[in-house]
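Given next are the chains, with one letter for each unit.
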Amino acid sequence: MLELSTIRDHFEQAVEGLAKRGITDAESLLHDIVDLDQQRRDKQSDLDQVLAEANAKAREIGSLIKSGEKELAESAKVETSTLKSRAKQLQQELHDLQEKQKEALYHIPNIPNDGVPAGSSADHNQLVSEWGIIPQLPKPASPHWDLIKQYDIIDFDLGNKVTGAGFPFYKGSGAKLVRGVVNFCLDQAEAAGYQEVQPPLIVNEASGTATGQLPDKEGQMYAIVDSDHYLIPTAEVPITNMYRDTIIDPGNLPIKNVGYTQCFRREAGSWGADVRGLNRLHQFDKVEIVQISHPDQSYQALDEMCQHVAGLLQQLEVPYRILNLCGGDLGFTSAQTYDFEVYTAGQEKWLEVSSVSNFETYQANRLKLRCRGENKKNFLLHTLNGSALAVPRLLAAIIENNQSQDGIKIPPVLVPYTGFEMITT
RNA sequence: AGAGGGUUGGCGGAGUGGUCGAACGCGGCGGUCUUGAAAACCGUUGUACCGCGAGGUACCGGGGGUUCGAAUCCCUCACCCUCUGCCA
């Protein structure tokens, strides 16, 4: 969530920034929060004063009892009753104000960075760069959903029977290909200085709240019945939450972790004609890179992460383009996001395989992730993450782009991981 | 899953109703001594909120309660340990 100091000290910028997301009533929303904050401070002052008085009274009674002055003590006890009820009332009011303020802040998304273009939808995303040669396949080129059947490497029908839509089986070379891509991505991340972690696939409510999946967005996640737990929609959640409630020594920055996990997403309401095959799944494999950065270094880190992702796609020889997401397409918690889309020659479509974001202090504020600063001034760090990479759509691109009469050619860099060069019938 | 015992500052560990934000030890930081280091000695060392400041308030796993007063008593939830059960 946004920091109160940001809202107070950079009010105009905050309003302008949120306008880029299409939030037109930001000014009144932020005014309410500042107003609420003032009420909260006043209430706290009142309460502190009453509590100070009550504490003094209690000490007094204590010493009276000790010196045996029972009657004085008894009469003093009577005096405390008004203080007590007043304190209780103020406490309740303060608590309510705090909750109200938190609630209000939870519903305000991050302020887009200056470099984020304005715009209401994906149409306004800014093309940053494009790499690779669009394959010219002899017509008709097949989409991957036909090819995977032809070579029997990914089985949606089986998934439908065993689980439901969006939960395919990967079989034989298909399964090996997934494993190969994952291992390739992990090795590359490790070489780039990321420490591998294998996080839990289920998280609690506090974790979901800290990274911004909760509240309100629980519809995206699968919830565990009767236990306040959720299947992770991305490894970002557990890996970033490793650092919840921590104070980091500046010498340990930046912190770089990579994790491979299955990701589970309900994707409620998003099932239509153009989300066929591997384009959108309820369960998919993803390697995620996560950085904790000093605020001064975080945009440099964002660039570095983008370059890492670009390097992966180049090695895999998949044509891609990079988009600078506009305000309207930006995730709730992100200050800036670059999407990587790969070209799929069978569908003749671009598919997102990576999303690299800087959250600045938005998550850190919820996480209470601070850095030890000079003379006791601790400050919030910046969190970043990116897919490196999401497997199914990458497979879609590899399968479609590398199809030929002879089979599907595996990118050379993956061959040591798969153990075969071609997928054939 | 059942029974019992626990959860205290960066770590270890005292503390069972008042002067306890918390003994003591370790670690960290600063200093004395030393050519330098070690040892020894002295000092210092949690987080957040309110306040211009002096200062005040809250926090001893989370939440609630009893009491003039709670780290300490009660309820509840979470987690940890031991034994039994089960399982890979």
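Quick look at the structure, then. Per-chain numbering applies: the sequence of each chain, read as written, is numbered from 1 onward. Ligands are numbered from 1 and chains lettered from A, in the order in which they are written. The model is predicted, so local features are restricted to residues of pLDDT at least 70 and side-chain atom pairs to those at 80 or more, both for listing and for counting; the totals for chains, interfaces and linings are taken over all residues. Here the side-chain values reflect all heavy atoms present in the structure, with hydrogen atoms and water set aside.

1. A closer look at the environment of Leu-51
Here Leu-51 shows up in helix α3 (residues 26-66). Take Leu-51: its relative accessible area is 29%, and that puts it in the partly exposed class. For the pair Leu-51 and Gln-91, spaced 40 residues apart in sequence, the C-alpha separation works out to 9.9 Å. Per the convention used, a helix needs a DSSP run of H or I reaching at least four residues, while a strand needs a run of E reaching at least two, with both numbered from the N terminus. Three exposure classes are used, based on accessible area relative to the maximum for each residue type with a 1.4 Å probe and protein chains only: buried under 20%, partly exposed in between, and exposed over 50%.

2. A look at unusual backbone geometry
Each neighbour pair has its own omega, and for Lys-139 with Pro-140 the value is -10°, a cis peptide bond. Turning to its location among the elements, Pro-140 is positioned in the loop between β1 (126-131) and α5 (144-150). Cis geometry is adopted by the peptide bond preceding Pro-254, which originates at Leu-253 and carries an omega value of -5°. Looking at the element boundaries, Pro-254 is found in the loop between β8 (246-248) and β9 (255-264). A positive phi angle, near 55°, is found at Asp-152, a position not held by glycine. For Asp-152, the location among the structural elements is in the loop between α5 and β2 (154-155).

3. Re the sheet that holds strand β18 (residues 407-409)
For two strands to pair, DSSP has to find at least two bridges joining them. Taken in spatial order, the 3 strands make up an open sheet running β17-β18-β19, and their pairing is antiparallel. For this open sheet the edge positions go to β17 (403-404) and β19 (422-423), each flanked by a neighbour on one side alone. With 2 bridges connecting them, β18 and β19 associate as antiparallel partners. Each residue of the ladder has a partner; that of Lys-409, found in β19, is Met-422.

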